[in-house]
Amino acid sequence: MAREDREKIREELVVVGNGMAGCRAVEEVLKRDPHRYHITIFGAEPRVNYNRIMLSPLLAGEKRFEDIIINDEAWYADNGITLIAGDAVVEIDRAARTVKSASGRVVEYDRLVLATGSDPFVLPVPGAKLPGVVTFRDMDDVDAMLRASETGRRAVVIGGGLLGLEAAHGLSLRGMEVTVIHLMPTLMERQLDEAAGFLLKTALEARGQTILTGAETEAILGETHVEGVRLTDGRVIPADIVVMAVGIRPNTVLAQAAGLEVGRGIKVDDHMLTSDPAVLAVGECVEHQDVCYGLVAPLWEMCAALADALTARPSEGYRGSVTSTKLKVAGLDVFSAGDFSGGADCEDIVLRDAARGVYKRVVIRDSRIIGAVLYGDTGDGAWYFQLLREGADISAVRDSLIFGQAFAEGGSFADPRQAVAALSDNAEICGCNGVCKGAITRAISEQGLTTLDAVRSVTKASASCGSCTPQVEMLLSLTLGDDYSGERVVSPMCKCTDFTHDDVRRLILEKALKAIPAVMQALHWKTPDGCSSCRPALNYYLLCAWPGEYADDQQSRFVNERLHANIQKDGTYSVVPRMWGGLTSAKELRAIADVVDKFNIPTVKVTGGQRIDLFGVKKEDLPAVWADLNAAGMVSGHAYGKALRTVKTCVGSEWCRFGTQDSTGLGVRIERMTWGSWMPHKFKIAVSGCPRNCAEATIKDFGIVCVDSGYELHIGGNGGIKVRATDLLCKVATEEEVMEYCAAFIQLYREEARYLERTAPWVERVGLDYIKQRIVEDAEGRAQLAARFRFSQQFHQDDPWASRVAGRDAHLHRPLSLAAE
Ligand SMILES: Cc1cc2nc3c(=O)[nH]c(=O)nc-3n(C[C@H](O)[C@H](O)[C@H](O)COP(=O)(O)OP(=O)(O)OC[C@H]3O[C@@H](n4cnc5c(N)ncnc54)[C@H](O)[C@@H]3O)c2cc1C
Ligand code: SF4
């Protein structure tokens, strides 16, 4: 069919409102059926669609306008959308199915979507129309505030809610003296209770703002420009600018004039249809089941329902939303969700930690969370919110609920990675863009995304305020496993420091820093205890720098390394005993079989690295499983660790007709030399007995291919998502040389690669020539590297299972109910 004919049969979809809901609705329609409509979007603002939430960071100087654009001009063009910006729709003719804009443009529609948002409420007090009185809703308002901050000194913000406090924060960062006037006794009273409101007020005052609660505005003073604000008690506060942030009202003017049913907002059903089925409405302008919303999360859900309706997809429709709020003021952690008004049928659980300035309150009814307020430590906000939304019965964790997920779930979630792993697919990760966990993990696995930037551009998760970046990175790491190498950038190690990985390693040696708190103190860490990115890296760097001196820090390890077993998707563990060079014996096999029977282990599998993996072991059974395996002489295979995993071998000259050397025997020797060594990432070795390469040595971190005249040494290979074949390092003549080169290469990698950098990217980053120069050309340097490796191995070749079996860290294995006592 010709293009013009196709265009003719497209229905006309007109959207009024180029804001967050209008454009998201269009995105959702395009996702479902990109060819169904010819789309026209009217926007009253003269610009493309941007993230309104980010106006606060924009005002605070943390973002630029380009950073907060959601859809640029190319998006409209690429999707054939006609954008009419800076021309508000002023009339809807429902009979003729047309809309008319302020400039007189008339456009026909088959379906019309109203997404006109809200209007800021302006107090009807004298002087409210004076120049210098602004609201906080769009880019023009931010521009007005920025201009005022350049010339004026004093700002008054009327309204101590979320928006008012964000405006106050921005203006004070711009150097203004700020006074906040709030009618109610408690700041953010719709989100915070009195205690949290008090802490917030105290913190803002400590930052130099003046906060007047219980204060009512009587008039705005000034002749030609605002000069001050008078309160009903007679106080006058001088001002060069007054920001009104006292609430919003759904923008229903057009809908009302067109005769659509309107309450507080435009009335819609579960499919976002208004009283005229050809007209739908979405976003802050609507009223659904008597509720109007003022946050983005509900709007994402509404847009999905609306798009289903517009593309005739059967769907449940929109069922209303439970919302949560975070204050976007750097350094002040405030979280609130649900209903915390309390009442006779509710129970409160409260935690106050005065020294840390932490206040937490969870409101419970019938063993279910109905509200939560967190101040000072909001890390568990997402967890409480998930329990609230799911209506989960919390009886089992009630006693420890207030201490957060890590404690309530028996310590098993002390690892933030595991906390993210435990979230359900529909748990929201990115609040700014309404992206759920399932959407992110699906995008990663289905579209082969391997970097944070890729996830940002495809899903928009973490593309706005960035506060969910750690969770998105954890999802990358959880979905890709060992194939996620972390973000390989030369930027700081993590948000806790300005130093890069390389700087930190250098300074650990230069300053002789020998403990994690010492590194943090000496290098001015910005957080008290670091985070889940820097702690494991520091732990590794210290282990590598000070063998025998530094004591491993268990709390800085991820769950697999803490428990010396791999956690699997159902929460059980898998256990891999070491089998040197892939060899085993009847005694070992018998011991494994007995363990399988005794502990009802459901699955036994041979791994790609020629070892036996026992799947489905319960956490509390791990020590007993290891005790039995230890008794048969078997030790941990480190299959969970950033460590030497396996040395894979082929049968070699002992059995094979082609083998030129004893590859199995050499593999056993190498594994005996290298096991137990901690590395920046997992490390695999293989030895093949001839160039037929049955052990696949040329996709391993260190590969040996035996040839007639000796041994070819290969480096920097890996399987995984991005397969990389090895580079040939050199050829050597004897087994002794193989051992020395192998030890030297591992030590160079251990000393110079960044944590979570596998050998393949490391070799590419530093270059093969550099490695040849250090290992092949510098005989003395090579010998020293190998010596350092062997020295460090004396401290690390102890079986971690054995010490656990002897009772060390037994608490890690207790069942949940015990650990929560
Ligand atoms: C400073 C600020 C910070 C915020 N922070 C958060 C936060 O942290 N978390 C959160 O969840 N929410 C936050 N919000 C609220 C969030 O931005 C809104 O919920 C969201 O923008 C509502 O989307 P909407 O599309 O319904 O309305 P809008 O995004 O306001 O879009 C409506 C658009 O319609 C246009 N329009 C109106 N009438 C017409 C007409 N007749 N013709 C053409 N165009 C018209 C308007 O100009 C506007 O661009 C914040 C809001 C502000 C202002
Ligand atoms: S690599 Fe060579 S020696 Fe080893 S099993 Fe294969 S053919 Fe035999």
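Predicted model, so just to flag it, every value in this text is computed and none were measured.

Rules used in this analysis
Each chain has its residues counted from 1, following the order in which its sequence is written. Lettering for chains starts from A, numbering for ligands starts from 1, and both go in the order in which the items are written. The model is predicted, so local features are restricted to residues of pLDDT at least 70 and side-chain atom pairs to those at 80 or more, both for listing and for counting; the totals for chains, interfaces and linings are taken over all residues. Note: side-chain values were computed over all heavy atoms of the structure, leaving out hydrogens and water. Secondary structure elements are defined from DSSP: runs of H or I of at least 4 residues count as helices, runs of E of at least 2 residues count as strands, and each element is numbered from the N terminus. Burial here depends on accessible area, computed with a 1.4 Å probe over protein chains only, as a share of the maximum for the residue type. Under 20% is buried, over 50% is exposed, and the range in between is partly exposed. Contacts are assigned to residue pairs with any non-hydrogen atoms lying within 4.5 Å of each other. Method for areas: the Shrake-Rupley scheme with a 1.4 Å probe, in which residue coverage is limited to the protein chains shown. This count recognises Lys and Arg as positive and Asp and Glu as negative, with His and chain-terminal groups excluded. Charged side chains are reduced to one point each, which is NZ for Lys, CZ for Arg, CG for Asp and CD for Glu. Under the pairing criterion, centres of Phe, Tyr and Trp rings, with the six-membered ring standing for Trp, must be within 6.5 Å; the plane angle then separates stacked pairs below 30 degrees from edge-to-face pairs above 60, leaving the rest tilted. Working rule: Lys NZ or Arg CZ, within 6 Å of ring centre, within 35 degrees of ring normal, means a charge sits over the ring. Consider each residue's heavy atoms; a residue with any of them within 4 Å of a molecule or strand counts as near. A 3.5 Å cut-off defines polar contacts: any pair of N or O atoms within that distance qualifies, except that in protein one atom must be a possible hydrogen donor and the other a possible acceptor, and neighbouring residues in sequence count only when both atoms are side-chain atoms. Amino acid classes used here: Ala, Val, Leu, Ile, Met, Phe, Trp, Tyr, Cys and Pro are nonpolar; Asp, Glu, Lys and Arg are charged; the rest, including Gly, are polar. Within this document, salt bridges are pairs made up of a side-chain nitrogen of Lys or Arg and a carboxyl oxygen of Asp or Glu, the two lying within 4 Å of each other. If DSSP finds at least two bridges between two strands, the strands pair. Axes here refer to lines fitted to C-alpha atoms; in helices the fit is confined to the stretch in contact. Angles between the N-to-C directions go from 0 to 180 degrees. Predictor confidence is given residue by residue as pLDDT, running from a minimum of 0 to a maximum of 100. Throughout, nonpolar core names a set of buried Ala, Val, Leu, Ile, Met, Phe, Trp, Tyr and Cys residues whose side chains join them through atoms within 4.5 Å.

**Regarding the overall build of the protein**
Within the protein one finds 29 helices and 38 strands. Taken along its principal axes, the extent of the C-alpha atoms in the protein is 95 × 70 × 55 Å. Burial status across the protein gives 53% buried among its 821 residues. When contacts within the protein are restricted to residue pairs at least 6 apart in sequence, those whose partners lie at least 24 apart make up 63%. Summing over all exposed atoms, the protein offers an accessible surface of approximately 35,100 Å²; the carbon and sulfur share of this is 50%. In the protein, 92 side chains carry a positive charge and 111 a negative one; their mean positions are 3 Å apart.

**Some words on the packing of aromatic side chains**
Counting across every chain of the model gives 14 aromatic pairs. Judged by centre distance (5.2 Å) and plane angle (75 degrees), the rings of Phe 791 and Phe 795 are edge-to-face. In this pair, Phe 791 and Phe 795 are both assigned in helix H27 (residues 779-796), four residues apart and thus about one turn of the helix distant. Above the plane of the ring of Trp 546 lies Lys 514, whose end atom (NZ or CZ) is 4.4 Å from the centre. A cation sits over an aromatic face here: Arg 672 above Trp 580, 4.0 Å from the ring centre.

**Concerning the site of ligand 1**
Around ligand 1 lies a shell of 31 residues, among which Ala 21, Arg 52, Arg 137, Glu 284 and Lys 328 are the nearest. With respect to ligand 1, the backbone of Ala 44 contributes an N or O atom lying 2.9 Å from a nitrogen atom. Interatomic distance of 2.8 Å between a side-chain N/O atom of Glu 45 and an oxygen atom of ligand 1. Every element with two or more residues in the shell around ligand 1 is listed here: helix H2 (20-32), strand E2 (37-43), helix H3 (55-59), helix H7 (162-173) and helix H10 (296-310). A per-class count over the shell around ligand 1 returns 16 nonpolar, nine polar and six charged.

**Focus: the pattern of salt bridges**
Going through the model one piece at a time under the given rule, you end up with 46 salt bridges. Note that Glu 735 and Arg 669 form a salt bridge whose closest N and O atoms lie 2.8 Å from each other. Within this pair, whereas Glu 735 is found in helix H24 (residues 735-752), its partner Arg 669 is found in helix H23 (residues 663-674), the two being separated by 66 residues in sequence. Judged by relative accessible area, Arg 669 falls into the partly exposed class, the value being 32%. When salt bridges that share partners are traced, they join Arg 24, Glu 28, Lys 31, Arg 32 and Asp 308 into one network.

**A short note on the sheet that holds strand E25 (residues 347-353)**
Read across the open sheet, the five strands follow the order E23-E24-E27-E26-E25; overall the sheet is antiparallel. What marks the edges here is a single partner per strand, and that holds for strand E23 (324-326) and E25. Looking at each pair of strands side by side, their axes are set apart by 10 degrees on average, direction ignored. In terms of strand pairing, E23 meets strand E24 (residues 334-338) through three bridges, oriented antiparallel. If you follow Lys 326 over to E24, its bridge partner there is Phe 335. This element, helix H8 (residues 194-206), spans E24, E25, strand E26 (358-365) and strand E27 (368-375) of the sheet and lies at about 20 degrees to E27.

**Things to note about the confidence of the model for the protein**
Of all residues in the protein, 93% attain a pLDDT of 70 or more, and the chain-wide mean is 89. Across residues 815-821, confidence stays below pLDDT 50; counting only partners more than four residues off in sequence or on other chains, it has nine contacts.

**Examining unusual backbone geometry**
Generally, phi is negative for residues other than glycine and the peptide bonds are trans, each holding for most cases. Positive phi, normally seen in glycine, also occurs at Met 272, with a value near 65 degrees. A positive phi is found at Gln 289, a non-glycine position, where the angle reads about 45 degrees. With respect to the secondary-structure elements, Gln 289 resides in the loop between strand E22 (286-288) and H10. Since its relative accessible area comes to 53%, Gln 289 is described here as exposed.

**A short note on the nonpolar core**
Counting residues in each nonpolar core, the largest one holds 122 residues, and the members touching the most others are Leu 114, Leu 200 and Val 282. Of all the elements, H10 adds the most residues to this core, at nine residues. Those residues in contact with Val 282 that lie beyond four places of it in its chain are Ala 21, Ala 25, Val 113, Leu 114, Ala 115, Met 272, Met 302, Cys 303 and Leu 306. The next biggest cluster of nonpolar side chains, apart from the first, holds 40 residues, and it includes Leu 666, Phe 702, Cys 730 and Phe 745.

**Points about the environment of Leu 475**
As for its placement among the helices and strands, Leu 475 is situated in helix H16 (residues 469-480). Residue Leu 475 is classed as buried on the basis of its relative accessible area, which comes to 1%. For the pair formed by Leu 475 and Lys 63, sequence separation is 412 residues and the distance between their alpha carbons is 25 Å. Those residues in contact with Leu 475 that lie beyond four places of it in its chain are Val 420, Ile 429, Lys 437, Ile 440, Thr 441 and Ile 444.

**Thoughts on the sheet that holds strand E34 (residues 644-649)**
The strand order across the open sheet formed by five strands is E34-E35-E36-E37-E38, and the pairing between neighbours is mixed. Every other strand in the sheet has two partners, leaving E34 and strand E38 (727-732) as the edge strands with one partner each. Pairwise comparison of adjacent strand axes, ignoring direction, gives a mean angle of 15 degrees for this sheet. Here six bridges tie strand E36 (residues 702-707) to strand E37 (residues 710-715), and the two strands are oriented antiparallel to one another. Counted as the bridge partner of Cys 706 is Tyr 711 from E37. The sheet contacts of helix H26 (residues 768-777) involve E37 and E38, and relative to E38 the element is tilted by about 20 degrees.

**Considering the side chain of Asp 308**
Within the element layout of this structure, Asp 308 appears in helix H10. For Asp 308, a relative accessible area of 11% puts it in the buried group. Not counting residues within four places of it along the chain, the set of residues in contact with Asp 308 comprises Arg 32, Arg 313 and Ser 315.

**Some thoughts on the site of ligand 2**
Close contacts around ligand 2 come from Cys 650, Val 651, Gly 652, Cys 656, Phe 658, Gly 659, Gly 689, Cys 690, Arg 692, Asn 693 and Cys 694, and that covers them all. Its residues placed into classes, the shell around ligand 2 shows six nonpolar, four polar and one charged.

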